[in-house]
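So the chains spell out like this:
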Amino acid sequence: MKKDLKPRTRAVHAGTRRSQYGEVSEAIFLTQGFVYETAEQAEARFIEAGPDEFIYARYGNPTVAMFEERIAALEGAEDAFATASGMAAVSGALTSMLKAGDHVVSARALFGSCLYVLEEILTRYGVEVTFVDGTDLAQWESAIRDDTRAVFFESISNPTLQVVDIEAVASLAHAKGAMVLVDNVFATPVWSRAFEQGADVVIYSTTKHIDGQGRTLGGVILGTTDFIRKTVEPYMKHTGGSMSPFTAWVMLKGLETLDLRVRAQTENAMALATALEGHEKLNRVIYPGLASHGQHDLVQRQMGKGGTVLAIDLAGGKDAAFRFLNAIEVGVISNNLGDAKTILTHPATTTHQRLPQDQKDALGISAGLIRISVGIEDQEDLRKDLFQALRHV
Ligand SMILES: *Cc1c(COP(=O)(O)O)cnc(C)c1O
């Protein structure tokens, strides 16, 4: 693969390994194991497997390797390890590098399962975790200590779409020798320049935009070859969180159209957010691409675009939110995001139901808040649908 190709070309071609048949579409090597021609070859491969030699699908597989190479090329990372889900990636990246006595600083506004890993699991094994408001650099600065091993945050938080300044947090972390791990789902590989901005490790739930059509769970950890092969791989291959070859094939096909989908979704999201802003039945419209977003300058600097998700806060609370959701005709009520289909979620009663009220208040998860993951449908159809549903409120 030539080095100077643009991301959109890499997303289509990078990492391709053709079999002797010269297939156009990537082959699914749906095999758990590999046959050795001789006992000597088996022995040699267990001593050290070459770059195109495989032993067992939990360790690696040709289809999975294609996906890892393609997404690493797209993101500008040296290497990648593909995992069974986004949470296998988040927990694997953290657990593989941490040990008892280590200190981690994390943003508090996290996907529920990420919060569980940091707050309940890592602490059980003797890791100390300090939570901060991810948008407040002074809090990061005072929380990161000489013995801090890692900082962790979602570059755009769910569901209130607050943005963490990757460059600023990375420079604070690096000054103390801590590694920077970024859960980059909402930014997507299309709008992300997280590695350039100082991230050491970037994590995606590929369930979201990379599959983008709601079929499979998956995840990926990206970083230096040293970190991926010496820290992540031994942990993942022995604990069992590897991606299946079939999933890797779905994700490879997803990467081919990722750029087209995410651009179309982002354009739709920007248009809908603009149209909805100021609507009489809404307290506010939250979208990182709007000038009214509190961190608009940072969004422009860090991503250049607002992404594929917006949130609206209905003035009438839960009752208004439910009436609105039940009147939607084109979008669907569900809890995935990044899909080709527009998906609407009421976080307070679903994804964030378990949070105590004071934490919902602190994170801005009000009773009227609806998250809208904007799909690739016709923009005019989506706009009409949202406005007709608002009339039912
Ligand atoms: C969905 C999501 C995850 C978890 O991914 P799964 O594929 O569902 O395991 C982690 N972080 C963020 C920000 C997510 O949106």
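Residues numbered from 1 in each chain as written. Predicted model: local features only at pLDDT ≥ 70, side-chain atom pairs only at ≥ 80, totals over all residues. Heavy atoms only, no water.

- As annotated in an unreviewed UniProt entry, the chain carries the name O-succinylhomoserine sulfhydrylase and is attributed to Roseobacter denitrificans.
- Word for word, the UniProt comment on the chain under Sequence similarities (unreviewed entry) is "Belongs to the trans-sulfuration enzymes family. MetZ subfamily."
- You can read under Catalytic activity (unreviewed entry) in the UniProt record for the chain the words "O-succinyl-L-homoserine + hydrogen sulfide = L-homocysteine + succinate". (UniProt positions renumbered as here; feature names shortened; annotations may be inferred.)

With respect to the layout of surface pockets
- Counted as a void, the largest pocket has a volume near 930 Å³.
- Forming the walls of the largest pocket are 32 residues, and the residues nearest its centre are Arg17, Pro51, Glu69, Asp79 and Arg229.
- Every element with two or more residues in the lining of the largest pocket is listed here: helix H2 (39–47), helix H3 (62–75), strand E1 (79–83) and helix H9 (225–239).
- With five residues, H3 is the single largest residue contributor to the lining of the largest pocket.
- Tallied by class, the residues present in the lining of the largest pocket amount to 14 nonpolar, four polar and 14 charged.
- In this structure, the second largest pocket occupies an estimated 770 Å³ of space.
- Around the second largest pocket sit 38 residues that line it, and Phe111, Gly112, Ser113, Cys114 and Thr351 are the ones nearest its centre.
- Broken down by element, the residue count for the lining of the second largest pocket peaks at seven residues, all from helix H5 (residues 112–124). (1 Å grid on protein atoms, 1.4 Å probe; cavity = no way out; pocket = protein on both sides within 12 Å on 5 of 7 lines; lining within 4 Å. Points joined across faces, edges and corners; volume = space filled by probe spheres on them. Helix = DSSP H or I, 4+ residues; strand = E, 2+ residues; numbered from the N terminus. Nonpolar A, V, L, I, M, F, W, Y, C, P; charged D, E, K, R; others polar.)

Quick look at the sheet that holds strand E11 (residues 343–345)
- A sheet is described by the order of its strands in space; here five strands give the open sequence E8-E9-E12-E11-E10, paired in mixed fashion. If you trace the sheet from one side to the other, it starts and ends with strand E8 (282–286) and strand E10 (332–333), each paired once.
- Against the sheet, helix H10 (residues 245–276) makes contact with E8 and strand E9 (309–314), and its axis sits at roughly 20° relative to E9, the strand it touches most.
- Against the sheet, helix H12 (residues 317–327) makes contact with E9, E10, E11 and strand E12 (369–373), and its axis sits at roughly 130° relative to E9, the strand it touches most. (Pairing = 2+ DSSP bridges. Contact = heavy atoms within 4.5 Å. Axes fitted to C-alpha atoms, helices over the stretch in contact; angles between N-to-C directions.)

Concerning the site of the ligand
- Lining the immediate surroundings of the ligand are 13 residues, of which Gly86, Asp183, Ser205, Thr207 and Lys208 lie closest.
- Within the side chain of Ser205, one N or O atom sits 2.8 Å away from an oxygen atom of the ligand.
- At 2.7 Å, a side-chain N or O of Lys208 approaches an oxygen atom of the ligand.
- Burial of the ligand by the protein amounts to 92% of the accessible area it has alone, namely 380 Å².
- A majority-of-atoms criterion places the ligand in the second largest pocket.
- Grouping the amino acids of the shell around the ligand by side-chain chemistry returns five nonpolar, five polar and three charged. (Near = heavy atom within 4 Å. Polar contact = N/O pair within 3.5 Å; in protein donor to acceptor, adjacent residues only side chain to side chain. Areas by Shrake-Rupley, 256 points an atom, 1.4 Å probe, with all protein chains shown as cover. Sits in = over half its atoms within 2 Å of the grid points.)

Considerations on the sheet that holds E1
- A sheet is described by the order of its strands in space; here seven strands give the open sequence E1-E7-E6-E5-E4-E2-E3, paired in mixed fashion. Two strands bound the open sheet, and with one partner strand each, they are E1 and strand E3 (128–132). When strand polarity is set aside, the average angle formed by the axes of neighbouring strands in this sheet is 20°.
- As defined by bridge partners, E1 adjoins strand E7 (residues 219–223) across five bridges and the pair is classed as antiparallel. Of the residues in E7, the one forming a bridge with Phe81 is Ile221.
- Across the sheet, H3 touches E1, strand E6 (201–205) and E7, and the angle it forms with E1 is around 130°.

Thoughts on the packing of aromatic side chains
- Evaluation of the coordinates by the stated rule reveals four aromatic pairs.
- Relative to Phe153, the ring of Trp140 lies with its centre 5.7 Å away and its plane at 70°, an arrangement referred to as edge-to-face. Taken together, the residues Trp140 in helix H6 (residues 137–143) and Phe153 in strand E4 (residues 148–154) connect sequence positions 13 residues apart. Of the two residues, Trp140 and Phe153, both sit in the buried class.
- Seen from their ring centres, Phe246 and Trp249 are 6.0 Å apart, and the 35° between their planes marks the pair as tilted. Here the residue Phe246 and the residue Trp249 both occupy positions in helix H10, the gap between them amounting to three residues, near one helical turn.
- Using a relative accessible area of 38% as the deciding quantity, one classes Phe246 as partly exposed.
- When the ring centre of Phe131 is taken as origin, the NZ or CZ atom of Arg108, which lies over that ring, is 4.6 Å away.
- Its end group placed over the ring of Tyr59, Lys237 keeps NZ or CZ at 4.6 Å from the ring centre. (Phe/Tyr/Trp six-rings, centres within 6.5 Å; stacked < 30°, edge-to-face > 60°. Buried < 20%, exposed > 50% of the residue type's maximum accessible area, 1.4 Å probe, protein only. Lys NZ or Arg CZ within 6 Å of the ring centre and 35° of its normal.)

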